[in-house]
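Tertiary structure, described
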Amino acid sequence: MSEKFELPFKNPTIPTTLTPDTRIRFHCYPGITCFNACCRQADVTLTPYDILRLKRRLGLSSSAFLEKYAVPFQIDQDGLPGVKLKTNDAGTCLQLNGDAGCGVYPDRPSVCRYYPLALLALREKDSAEAKEQYTLVKEEHCQGHAEDREIRIDDYRAEQSCEDYDEHNREWYQLILKKKSAGPTVGRPPQTSLQLFFMASYDLDTFRRFVLSDNFSANYVLAQGLRTELEGNDIALLRFAYRFLRQVLFGERTIAEVANAWEKRVEQRAALWRAAVDAEKALRQKAEDEKYSDCADEPYCGDR
Ligand code: SF4
Ligand code: SF4
């Protein structure tokens with residue numbers, strides 16, 4: 001048995017896996033009769049590096065980008081959060097700049113670069129490494145398949161500058177694949193882990209504040225050199241986010257923890273729990289006292 005991860009996650013793909021050497025017949029260029037038809041039916045799943053590039057191009061924080069230009073969806077049955085590019089009600093991508101085409105073209109997402117290919121990360125049973133393969137997506141509106149040009153998939157990837165994107169997303173694909181492979185043995189991650197997955201994958205500016213917070217330092221060891229790097233370098237922060245997610249999702253000790261941090265957290269939670277129980281008891285006692293205060297002198301007052 002093997003596990004696969006597909007980007008985008010659902011597609012009318014021809015169910016044949018293709019390799020980097022496979023030649024496809026396809027050409028897309030401004031002026032083709034269907035120009036931008038794909039962007040008018042956009043279903044674009046975003047990766048962490050996609051968001052990093054788009055938010056920079058649009059001059060937004062990651063939170064503002066997500067709020068304005070993304071919609072959430074669930075990657076799997078355990079509620080692993082994903083995000084897609086927002087469209088208008090007719091299904092047109094909000095980044096489409098009329099007949100001029102894509103308004104963010106130099107920073108367009110991986111799915112848009114790969115189209116009409118879908119990227120597949122596949123892991124054979126007993127193998128630690130995921131292989132990247134491809135499938136061909138054929139949709140009626142796309143006339144690029146009728147063009148007279150054959151190209152190797154690897155050359156097409158180079159033409160579309162996919163390698164940079166794959167390099168920065170690869171570890172994230174592996175994380176999702178590992179989560180899928182683990183299946184019921186890992187089970188549904190707790191809600192906090194799912195929230196951390198969302199923040200570390202998509203909301204990098206918030207993740208940076210989290211990592212640089214006193215709360216994080218109280219729990220994890222962050223060398224000063226790394227801390228400085230994470231303050232100013234988005235790519236370093238993205239790599240650190242993947243490390244952090246391996247710890248959150250699979251319990252791998254990828255980031256050293258402060259000695260006794262776990263015990264301290266347990267003790268803090270126990271103290272909070274005890275305080276909550278005491279407060280609840282005091283409230284109940286007060287309610288009981290008030291219940292009888294008006295009739296303290298009557299012998300049969302109370303529950304009747
Ligand atoms: S990001 Fe650009 S290429 Fe991708 S769907 Fe939107 S307009 Fe089209
Ligand atoms: S050829 Fe396909 S990918 Fe290119 S603009 Fe037309 S529909 Fe979009």
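Summary of the structure given here. (Residues numbered from 1 in each chain as written. Chains lettered and ligands numbered in written order. Predicted model: local features only at pLDDT ≥ 70, side-chain atom pairs only at ≥ 80, totals over all residues.)

Considerations on the overall build of the chain
The criterion, for reference: In this text, helices come from DSSP runs of H or I with a minimum length of four residues, and strands from runs of E with a minimum of two, each type numbered from the N-terminal end. Partly exposed residues are those whose C-beta has more than 12 but fewer than 20 other C-beta atoms within 10 Å; 20 or more makes a residue buried and 12 or fewer makes it exposed, with C-beta atoms placed from the backbone. Remark: residues whose backbone-derived C-beta atoms lie within 7 Å of one another are considered to be in contact.
For the chain, the helix and strand inventory stands at 11 helices and seven strands. Taking all 304 residues of the chain together, the buried fraction comes to 25%. For the chain, the proportion of contacts with a sequence separation of at least 24, taken over those separated by at least 6, is 72%.

What about the site of ligand 1?
Note the threshold: Placing the C-beta atom from the backbone, one calls a residue near a molecule or strand if that atom lies within 6 Å of it. Three residue categories are used. Nonpolar comprises Ala, Val, Leu, Ile, Met, Phe, Trp, Tyr, Cys and Pro, charged comprises Asp, Glu, Lys and Arg, and polar comprises the others, including Gly.
Ligand 1 sits among C39, A42, V44, L85, C93, Q95, L96, C102, V104, R108, P109 and C112. When the residues that make up the shell around ligand 1 are grouped by side-chain class, the tally is 10 nonpolar, one polar and one charged.

What about the environment of N169?
Relative to the helices and strands, N169 is located in helix α5 (residues 162–182). The spatial distance from the C-alpha of N169 to the C-alpha of L238 is 9.2 Å, given a sequence separation of 69 residues. Leave out the neighbours within four places in its chain, and N169 touches T47, P48, Y49 and S110.

A few points about the site of ligand 2
Inspection of the region around ligand 2 gives C28, I32, C34, F35, N36, A37, C38, Y115, H141, C142, Q143 and G144 as its neighbouring residues. Taken together, the residues of the shell around ligand 2 break down into eight nonpolar, four polar and no charged.

Examining the packing of α5 against helix α10 (residues 234–250)
How we decide: Axes here refer to lines fitted to C-alpha atoms; in helices the fit is confined to the stretch in contact. Angles between the N-to-C directions go from 0 to 180 degrees. Roughly parallel means an angle under 35 degrees; roughly antiparallel, over 145; roughly perpendicular, 65 to 115; everything else is oblique.
Contact pair α5 / α10: the axes reach a minimum separation of 10 Å and the direction vectors enclose 10°. Taken together, the axis directions place α5 and α10 in an arrangement best described as roughly parallel. Here H168, E171, W172, L175, K178 and K179 of α5 come into contact with α10, specifically with I235, L238, Y242, L245, R246, L249 and F250. For the contact of α5 with α10, the class distribution of residues is eight nonpolar, one polar and four charged.

Describing α5
Note that an α-helix has 3.6 residues per turn; residues three or four places apart therefore point the same way. The cut-off we apply is this: By definition here, a helix of n residues has an expected span of 1.5 Å times n minus one. The seven residues ending at a residue and the seven starting there each receive a fitted axis; the angle between those axes is the bend at that residue.
Helix length check: α5 (21 residues) gives 28 Å between terminal C-alpha atoms against 30 Å at 1.5 Å per residue, within 8%. The sharpest bend along α5 reaches about 50° and sits at N169. Those residues of α5 that sit buried are Y165, H168, N169, W172, L175, I176 and K179.

With respect to the nonpolar core
Rule in force here: Linking buried Ala, Val, Leu, Ile, Met, Phe, Trp, Tyr and Cys residues through C-beta atoms within 7 Å yields a set, and such a set is a nonpolar core. Bear in mind that the domain bounds are from an automatic or database domain assignment.
Judged by nonpolar contacts, the single largest core of 48 residues is most densely connected at L117, A200, A241 and L245. Sorting elements by how many residues they give to this core places α10 first, with eight residues. Counting residues domain by domain, this core receives three or more from each of domain 1 (2–183) and domain 2 (189–250).

Points about helix α6 (residues 191–202)
The end-to-end C-alpha distance of α6, which contains 12 residues, comes to 16 Å, matching closely the 16 Å that a straight helix rising 1.5 Å per residue would cover. Each element contacted by the buried residues of α6 is listed here: α1 (48–58), α2 (62–69), β4 (81–85), α5, α7 (204–211) and α10.

As for unusual backbone geometry
Geometrically, the link from Y115 to P116 is a cis peptide bond, its omega value of 15° lying close to zero. Along the polypeptide, P116 turns up in the loop between α3 (110–114) and β5 (117–124). In this structure, N36 takes a positive phi of about 75° despite not being glycine. Mapping N36 onto the fold places it in the loop between β2 (23–25) and α1. Phi at S161 is positive, roughly 50°, even though this residue is not glycine. Structurally, S161 is set in the loop between α4 (153–159) and α5.

Interpretation note: all reported values are geometric properties and have no functional meaning in isolation.
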